[in-house]
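# Breakdown of the fold
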Amino acid sequence: MSRDEQLRRAAYEEMEKHKDVVEKDPYRLHYHLMPTVGLLNDPNGFIQFKGTYHVYYQWMPFKTGHGAKFWGHYSSNDFVNWTHEEIALTPSEWYEKNGCYSGSAIEHDGKIYAYYTGNVKDEEGNRETYQCLAISEESLHFDKRGPVVHLPDGFTAHFRDPKVWEQDGAFFMVVGAQTRELKGAVALFRSDDLENWDYQGVLTGGGEGRLADFGYMFECPDLFPLGERDILIFSPQGIEASGMKYQNVYQAGYVAGQFDSATGTFEHGEFEELDRGFDFYAPQTTLDDKGRRILFAWMSVPDQNEQDHPTIEHKWLHTMTLPRELKLVDGKVRQVPLEEMEDLRVGPAIQVNVELNRETRVLKAVKGKAFEMEITDLSMTEGWFDLTVGDGIRFVYSSGEQTVTLERKSYVNGVVEKRQCSVKQLNSLRVFVDTSSIEVFVNEGEETFTARFYPSPNNDTVRFETSHQAVFTIRKWDLKHVNLK
Ligand code: FRU
């Protein structure tokens, strides 16, 4: 039996063995992408291919921890109903034996060209890294071509997560990197044929320019045009918390600017966080045939209490965010739930006009474990307004401080922790609650907050509270329990 075959069998056996215990978890989500067993992390190879959307993902089938990753695979025609496809990549070859790490996909000649990082570690923990190519005719089976990019001079082996695109008659690749001086960087490559790649230099970071002193490693870069700008998304590590910013262990965000494909240079502005919640990392985008720039992110942050999630008892860990469409408004990236998320709604909206006066209220009609809630026409002159979902999470808008805050009861020790950012005025909220996750879109995606939380299974209430007077309209929908086939 080939090594690939052995690994596949072992992973499927693990899945079979723990199926019942995984499915019995009350915190299993209803409409998000999760692993069948083990740990899921970054979205990979996100592409629309021959009409169908494909999301591959980092997968460790054998434990709820990190290690020699596989590429798992989900596909969908509508972003609501997903098919769990067979394993796309196993870490079977010498150049990837410690993991088929993150990467991307591009369509060429009617085939999928997938680029990913082959991660290799020896007994002493020394690391090697190879950027590898695998080609698929139909999205399911990949023909591995092995390493196509070797480590250029000047970098450590923390060099990974290739993202490839086509522009102005050539192909480009950005790779997340760390320089020998231990500075985070994005490296740029160029190719005419998708097989031979030339190193072009550091695109940004690496101890120079605006991101000269911005952490020790940039993971998962993604460069694409949005509106009149070019956006570089990446996940920097080693940034100190500062005021309301950078509160998670690692960050995920972007810089906006102008990429010049002729010179391989990128002029850009300041780093902005993409999400202000607790759990959002390694986002990846694709462009679909409707011209939409769509993003998925991993709903977690590496090394941030990963081993304390209660789902570990049930042999699985982590989920993806909902798919979101990106828009550029006033030079800033906004995220809105993909239009298809409306197809998750079951039945008509429940609409309630609420007037609160220095009081707390639980609305009978607004409750559930998996629902969407929209708050509009908010009018309040002073003080704060909040909503608490279950007994685990609270969202607060303070008109006096001009802030929005997400508070959760830590799943590690029950202590309340918070994430916060400035918002001049709250006009609208769209909130997606799943059994153990929340995604809040503030003012049509001006800011978003993404988090896991673990409410008591018997508490499905939503409680509203206001310090003064607040008037608003709520529309609420129950959302489908999608069976991941
Ligand atoms: C980001 C990341 C990537 C790497 C992958 C390994 O979460 O660390 O840099 O390719 O996860 O699973």
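Treat the numbers as computed from the prediction; the structure is a model and nothing was measured.

With that settled, the discussion passes to the overall build of the chain. For the chain, the helix and strand inventory stands at one helix and 34 strands. Relative to a compact globule of 485 residues, whose C-alpha radius of gyration would be 23 Å, the chain shows 22 Å and is just as compact. Along the first, second and third principal axes, the C-alpha set of the chain runs to 65 × 50 × 45 Å. Taking all 485 residues of the chain together, the buried fraction comes to 60%. Across the chain, contacts joining residues at least 24 apart in sequence account for 59% of those joining residues at least 6 apart. Surface summary for the chain: the accessible area is close to 19200 Å², and the carbon and sulfur share equals 43%. With 52 positive and 77 negative side-chain charges, the chain shows a spacing of 5 Å between the two charge centroids.

For the rest of this paragraph, the subject is the sheet that holds strand β18 (residues 281–287). If you trace the four strands from one edge of the open sheet to the other, you get β18-β19-β21-β22, paired in antiparallel fashion. For this open sheet the edge positions go to β18 and β22 (332–337), each flanked by a neighbour on one side alone. Put simply, the sheet's adjacent strands are angled 40° from each other on average, direction ignored. When strand β21 (residues 324–329) meets β22, the two strands line up antiparallel, connected through six bridges. Its bridge partner being in β22, Lys-327 is matched across the sheet by Arg-334.

Of all hydrophobic cores here, the largest spans 40 residues; its most connected members are Tyr-31, Phe-79 and Phe-296. In contact with Tyr-31, not counting residues within four places along its chain, are Leu-322, Leu-344, Ala-370, Phe-371, Phe-432, Val-433, Asp-434, Leu-479, Lys-480 and Val-482. Core analysis: the second largest hydrophobic core is formed by 36 residues, Phe-395, Cys-421, Val-440 and Ala-451 among them.

Attention shifts here to the domain arrangement of the chain. In terms of domain boundaries, the chain breaks down into domain 1 (3–339) and domain 2 (340–479). The centre of domain 1, based on its C-alpha atoms, is set 30 Å off from the matching centre of domain 2. Each partner contributes to the interface: domain 1 provides 43 residues, whereas domain 2 provides 42 residues. For the pair domain 1 and domain 2, the two sides together bury roughly 3800 Å², of which 57% comes from carbon and sulfur.

For the rest of this paragraph, the subject is the pattern of salt bridges. Scanning the model with the defined rule gives 28 salt bridges in all. For Asp-4, the salt bridge identified is with Arg-8, shortest N-O distance 3.0 Å. Placement of both Asp-4 and Arg-8 in helix α1 (residues 3–23) is noted, with a separation of four residues, approximately one turn of the helix. As a salt-bridge pair, Arg-210 and Glu-270 come within 2.7 Å of each other at their nearest N and O atoms. You can see Arg-210 sitting in the loop between β12 (198–205) and β13 (217–226) and its partner Glu-270 sitting in the loop between β16 (265–268) and β17 (272–273), a full 60 residues away along the chain. The two residues Arg-210 and Glu-270 agree in class, both being exposed.

On to the side chain of Asp-288, then. Mapping Asp-288 onto the fold places it in the loop between β18 and β19 (293–298). With relative accessibility at 4%, the residue Asp-288 sits in the buried group. A polar side-chain atom of Asp-288 sits 3.0 Å from the main-chain amide nitrogen of Lys-290. Among all residues touching Asp-288, those that are not within four sequence positions of it are Gln-48, Tyr-53 and Ile-294.

The rules behind the values
Within each chain, residues carry numbers counting from 1 in the order of the written sequence. Per-residue local features of the predicted model are confined to residues with pLDDT of at least 70, and side-chain atom pairs are confined, for both listing and counting, to 80 or more; whole-chain, interface and lining totals are unaffected and use all residues. To get the side-chain values, take all heavy atoms of the structure and skip hydrogens and water. We count a stretch as a helix when DSSP gives it H or I for four or more residues in a row; a strand needs E for two or more, and each element gets its number in order from the N terminus. Note on method: radius of gyration uses C-alpha positions; expected globular size equals 2.2 Å times residues raised to 0.38. The rule is simple: take the accessible area with a 1.4 Å probe, protein chains only, and divide by the maximum for that residue type; under 20% is buried, over 50% is exposed, in between is partly exposed. Here, residues are in contact when the closest pair of their heavy atoms is within 4.5 Å. Every accessible area reported is derived by Shrake-Rupley at a probe size of 1.4 Å, with residue values counting cover from the shown protein chains alone. For the purpose of counting charges, residues Lys and Arg are taken to be positive, whereas Asp and Glu are taken to be negative. His and the chain ends are not included. Note that the charge is assigned to NZ on lysines, CZ on arginines, CG on aspartates and CD on glutamates. Strands are labelled as partners when DSSP assigns at least two bridges between them. Note on method: axes are straight lines fitted to C-alpha atoms, helices fitted across the in-contact stretch only, with angles between N-to-C directions ranging 0 to 180 degrees. Throughout, nonpolar core names a set of buried Ala, Val, Leu, Ile, Met, Phe, Trp, Tyr and Cys residues whose side chains join them through atoms within 4.5 Å. The domain boundaries here were taken from an automatic or database domain assignment. Summed over both partners, the accessible area lost on bringing two parts together, with a 1.4 Å probe, is the buried area. Any Lys or Arg side-chain nitrogen found within 4 Å of a carboxyl oxygen on Asp or Glu counts as a salt bridge. Nitrogen and oxygen atoms within 3.5 Å of one another constitute a polar contact, given that in protein one can donate a hydrogen and the other can accept it, and given that sequence-neighbouring residues count only through two side-chain atoms.

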